[in-house]
Amino acid sequence: MKLISLHGTDDRLYELVARLVMSPEVLRYNNNYPFKTTPQHCWHICITNGEVVGFMPVKTTRGGLSLDNYYIRDDNSEIIDALLNHILDNSDKPVTALSHKRHTDIFRRHGFITSTVFAQYNRMQFIPGKGDSD
């Protein structure tokens, strides 16, 4: 498992994820919401055996980092864990995440707390220095 981070407009990003973000299966995974990128985004990508198996685009905002869509092949918790560790280990900013309900417990294990409950998602917050006592 290899983890890399790419700027939101890096040419290599498009080479790695374009096929996935336009795939009907991956779009269904994201409840048919399109994936977005801007110069404020950093994409954290997990590659196994030369294939992208997960990604989390994170946008830098005034209040910290925002993770509002992502893809994890087969909902593999090891991939989610690896990507969240990668993101949290490389930033000291607060993170707001829109987590699929099925992943809420995984985000909790990483110190996120639920702030808003929606039908298909939970908005979760991670504040550096809080919840690190596991």
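Residues numbered from 1 in each chain as written. Predicted model: local features only at pLDDT ≥ 70, side-chain atom pairs only at ≥ 80, totals over all residues. Heavy atoms only, no water.

**Some details on the overall build of the protein chain**
Here's step 1: When its secondary structure is counted, the protein chain shows four helices and eight strands.
Here's step 2: In terms of overall size, the protein chain behaves like a compact globule, its C-alpha atoms giving a radius of gyration of 14 Å where 134 residues would be expected to give roughly 14 Å.
Here's step 3: Its C-alpha atoms give the protein chain principal-axis dimensions of about 40 × 30 × 30 Å.
Here's step 4: Relative to its full complement of 134 residues, the protein chain shows a buried share of 42%.
Here's step 5: Of the roughly 7,500 Å² of accessible surface on the protein chain, 49% is carried by carbon and sulfur atoms.
Here's step 6: Seen as two clouds, the 15 positive and the 15 negative side-chain charges of the protein chain have centres 7 Å apart. (Helix = DSSP H or I, 4+ residues; strand = E, 2+ residues; numbered from the N terminus. Rg over C-alpha atoms; globule rule 2.2 N^0.38 Å. Buried < 20%, exposed > 50% of the residue type's maximum accessible area, 1.4 Å probe, protein only. Areas by Shrake-Rupley, 256 points an atom, 1.4 Å probe, with all protein chains shown as cover. Lys, Arg positive; Asp, Glu negative; His and termini not counted. Charge placed at Lys NZ, Arg CZ, Asp CG, Glu CD.)

**Topic: the nonpolar core**
Here's step 1: Counting 36 residues, the largest nonpolar core has Ile45, Phe55, Met56, Phe107 and Phe112 as its most contacted members.
Here's step 2: Looking at this core, the element that brings in the most residues is helix 3 (residues 77–89), giving six residues.
Here's step 3: Apart from residues no more than four positions distant in its own chain, Phe55 is found in contact with Val17, Leu20, Val21, Phe35, Trp43, His44, Ile45, Tyr70, Tyr71, Ile72 and Leu83. (Core = buried A, V, L, I, M, F, W, Y, C linked by side-chain atoms within 4.5 Å. Contact = heavy atoms within 4.5 Å.)

**Quick look at the pairing of strand 6 (residues 95–100)**
Here's step 1: Of the pairings in the sheet, the one linking strand 4 (residues 64–67) to strand 6 comprises three bridges and is parallel in character. Bridging from a neighbouring strand, Leu67 pairs with Ala97 of strand 6.
Here's step 2: In terms of strand pairing, strand 6 meets strand 8 (residues 121–126) through six bridges, oriented antiparallel. Across the sheet, residue His100 finds its bridge partner in strand 8, namely Tyr121. (Pairing = 2+ DSSP bridges.)

**Observations concerning the side chain of Asn30**
Here's step 1: Within the secondary structure layout, Asn30 lies in the loop between helix 2 (24–29) and strand 2 (41–48).
Here's step 2: Once residues within four sequence positions are removed from consideration, Asn30 is found in contact with Phe35, Asn69, Tyr70, His100 and Tyr121.

**So, helix 1 (residues 11–21)**
Here's step 1: Among all positions in helix 1, only Leu13, Val17, Leu20 and Val21 are buried. Down the axis of helix 1, the smallest arc covering the buried residues is 80°, so these residues share one side. Seen from the buried face of helix 1, the exposed residues on the opposite side, beyond 90 degrees, are Asp11, Glu15 and Arg19.
Here's step 2: On its buried side, helix 1 packs onto strand 1 (2–7), helix 2, strand 2, strand 3 (51–61) and strand 5 (71–72).
Here's step 3: Between the side-chain oxygen of the N-cap and the backbone nitrogen of Arg12 there are 2.7 Å, and the N-cap of helix 1 in question is Asp10. (Arc of directions from axis to C-beta. Polar contact = N/O pair within 3.5 Å; in protein donor to acceptor, adjacent residues only side chain to side chain.)

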